[in-house]
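Residues per chain, in single letters:
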Amino acid sequence: MIAILDYGSGNLRSAERAFSLSGHETIITSDPEICASSDGLVVPGVGAYGACMKQLIAASGDTIIKSRVASEKPILGICVGMQILFSSGTEKGGQLGLGIFDGEISQISAKILPHIGWNTISSPKDSLLFKGVEDQSFYFVHSFAAKSHVDGALSGWSEYGEKFMASIERGSTSAVQFHPEKSGDAGARLISNWVSSL
Amino acid sequence: MTLAKRIIPCLDVAGGRVVKGVNFKDLVDAGDPVELAKFYGEAGADELTFLDISASVEDRSTTLDIVSRTAEQVFIPLTVGGGIRAASDVDQLLRAGADKVGVNTAAINRPQLINEISDRFGDQVLVLSVDARRSKTESGFEVTTHGGRTGTGLDAFAWIADATSRGVGEILLNSMDADGTRAGFDTEMISRVRSITQVPLIASGGAGKVEDFARALEAGADALLAASVFHFGTFSIQEVKAHLAQRGYSVRQ
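So, how was this worked out
Residues numbered from 1 in each chain as written. Chains lettered and ligands numbered in written order. Predicted model: local features only at pLDDT ≥ 70, side-chain atom pairs only at ≥ 80, totals over all residues. Heavy atoms only, no water. Helix = DSSP H or I, 4+ residues; strand = E, 2+ residues; numbered from the N terminus. Rg over C-alpha atoms; globule rule 2.2 N^0.38 Å. Buried < 20%, exposed > 50% of the residue type's maximum accessible area, 1.4 Å probe, protein only. Contact = heavy atoms within 4.5 Å. Pairing = 2+ DSSP bridges. pLDDT = per-residue confidence, 0-100. Phe/Tyr/Trp six-rings, centres within 6.5 Å; stacked < 30°, edge-to-face > 60°. Arc of directions from axis to C-beta. Salt bridge = Lys/Arg side-chain N within 4 Å of Asp/Glu carboxyl O.

Some words on the overall build of chain B
Phase 1 of the analysis: Helix and strand content of chain B: 10 helices and 11 strands.
Phase 2 of the analysis: For chain B, the C-alpha radius of gyration of 17 Å lies close to 18 Å, the compact-globule estimate for 253 residues.
Phase 3 of the analysis: Principal-axis analysis of the C-alpha atoms gives chain B an extent of 45 × 45 × 40 Å.
Phase 4 of the analysis: The buried share among the 253 residues of chain B stands at 60%.
Phase 5 of the analysis: When contacts within chain B are restricted to residue pairs at least 6 apart in sequence, long-range pairs at least 24 apart make up 63% of them.

So, in structure tokens, the structure goes:
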């Protein structure tokens, strides 16, 4: 079973629909026990970094995510759900993240923000997520991103004004800056790649 | 790696049906918004916009139902505009499956609405829809309501500056002078608005030929919205994209 962590952030319905199409039972839940025991946990997130962290902690999402990482149970972060896995974010004065990945989330240097729309990704060789969709476009909506390499992780990179991290995979923890649930057939394939690894 | 220029078909919906004429031979029911959304999703649309032009409360719940049925079948971003007066309206639409919402008249009447929506859901959720026409205001462009029929006296550029400072993710700039003419997008207005704002700009109104889309991008648009040329099959989304690619613009194939 796949659990989509409901901590009050994001359009969870389209995520639920997209993941359930992969053939796995998918539920939207904030129940810590279900989140802890599910085969895969999806961590969505929209809005400001600090607001997301606050809501996540209020729903005990921080504890759930950290214990899943410690026991090597699969997690997929999406958009701000990727960003909060990093050490900190500079949005609206600066906030601490979960620190699962070392690095800061900062504003993209581009004339026009947010970065909205379909962009391609230079995906890492041996990536599980991008198998079969290496040269496809994915849908992004964000102004902040990770920009430095994380040791021991496979990262995909995209570019808008500057190079930024579009995906990260390390052990059982994966995350994407774009929205696979809104990225048409390419996104569906990426989701099914992740689901088939559970 | 380049951000693609987006092509966005717009569906006007009232009472659960697409209105303002749609004429597709290959659709069983050209008035069903869900079926049309699916069609455009498969035809290469980068996003979809539903404009809810209905007035009654019953129509409102029908719209929520359409949004939720569309979200079940179409996996590209969906913006819903029309009739949004409070953050609670946004909450309902997002729960039904919308990804973004468009605000227009209600934000002109009460600008604080923009702060309320962006504080709760983030700037990226909000598309500021500006229906502008040439007029004797300071910039030469005035904001209108009711599809361009009612002038507000509000200067379009001053309004855009005020609204973006409150927190909007994108601007949907509709030219009321060009709308329905099929004589091309209002490139002068696009390039002037581009020079005063740092959020993505969706140009709308006046598309008649594939070449018009390239001209609007040249003027500074990041995305292009059109209705009738797609609904009547004057040309397809793929034909527009092929032309743009030929002109050196990045598009999603």
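Having seen the structure, we can now continue with the description.
Some points on helix α8 (residues 210–218) of chain B
Residue and element names in this part refer to chain B.
Phase 1 of the analysis: Residues V210, D212, F213, A214, A216 and L217 constitute the buried set of α8.
Phase 2 of the analysis: Buried positions along α8 lie against β1 (6–14), α7 (187–196), β11 (223–226), α9 (228–231) and α10 (237–246).
Phase 3 of the analysis: The first or second residue beyond α8 is G220, which carries a positive phi of 120°.

Notes on the sheet that holds strand β5 (residues 86–89) of chain A
All names here are of chain A.
Phase 1 of the analysis: Taken in spatial order, the four strands of this open sheet run β6-β5-β7-β10, and their pairing is mixed. Every interior strand has two partners, whereas the edge strands, β6 (95–96) and β10 (144–146), have only one.
Phase 2 of the analysis: Pairing analysis gives three bridges linking strand β7 (residues 101–107) to β10, with the strands arranged antiparallel. Within the sheet, the bridge partner assigned to Q107 lies in β10 and is F144.

Description of the confidence of the model for chain B
Phase 1 of the analysis: Residues with a pLDDT of 70 or more make up 94% of chain B, whose mean pLDDT is 92.
Phase 2 of the analysis: Model confidence for the complex is summarised by a pTM of 0.95, with the ipTM given as 0.94.

Observations concerning the packing of aromatic side chains
All names here are of chain A.
Phase 1 of the analysis: Following the criterion strictly, the structure yields 14 aromatic pairs over all chains and no others.
Phase 2 of the analysis: Here the aromatic rings of F130 and F138 are separated by 5.7 Å at their centres, their planes lie at 90°, and the arrangement is edge-to-face.
Phase 3 of the analysis: Both rings, one in F140 and one in F164, keep their centres 5.7 Å apart while their planes meet at 90°; by these two values the pair is edge-to-face. Taken together, the residues F140 in strand β9 (residues 137–142) and F164 in strand β12 (residues 162–170) connect sequence positions 24 residues apart.

Thoughts on the environment of A:D126
Residue and element names in this part refer to chain A.
Phase 1 of the analysis: Summarising the element assignment, D126 is placed in the loop between β8 (115–120) and β9.
Phase 2 of the analysis: According to the relative accessible area criterion, D126 is exposed, its value standing at 67%.
Phase 3 of the analysis: Along the sequence, D126 and I116 sit 10 residues apart, while their C-alpha atoms lie 28 Å from each other.

Some points on α7(B)
Phase 1 of the analysis: Taken as a whole, α7(B) has its buried residues at B:M189, B:I190, B:V193 and B:R194. Seen end-on, α7(B) carries its buried residues on one side only, within an arc spanning 135°.

A closer look at the pattern of salt bridges
Phase 1 of the analysis: Inspection of every chain in the model, using the stated rule, returns 23 salt bridges over all chains.
Phase 2 of the analysis: B:D99 is the salt-bridge partner of A:K182, the closest N and O atoms lying 2.9 Å from each other. Of the two residues, A:K182 is situated in the loop between β13 (173–176) and α6 (184–196) and B:D99 in the loop between α3 (87–96) and β5 (100–103); the pairing between them involves two chains.
Phase 3 of the analysis: The residue B:R166 makes a salt bridge to B:D162 at a minimum N-O spacing of 3.0 Å. Within this pair, B:R166 and its partner B:D162 are both found in helix α6 (residues 156–166), separated by four residues, close to a single helical turn.

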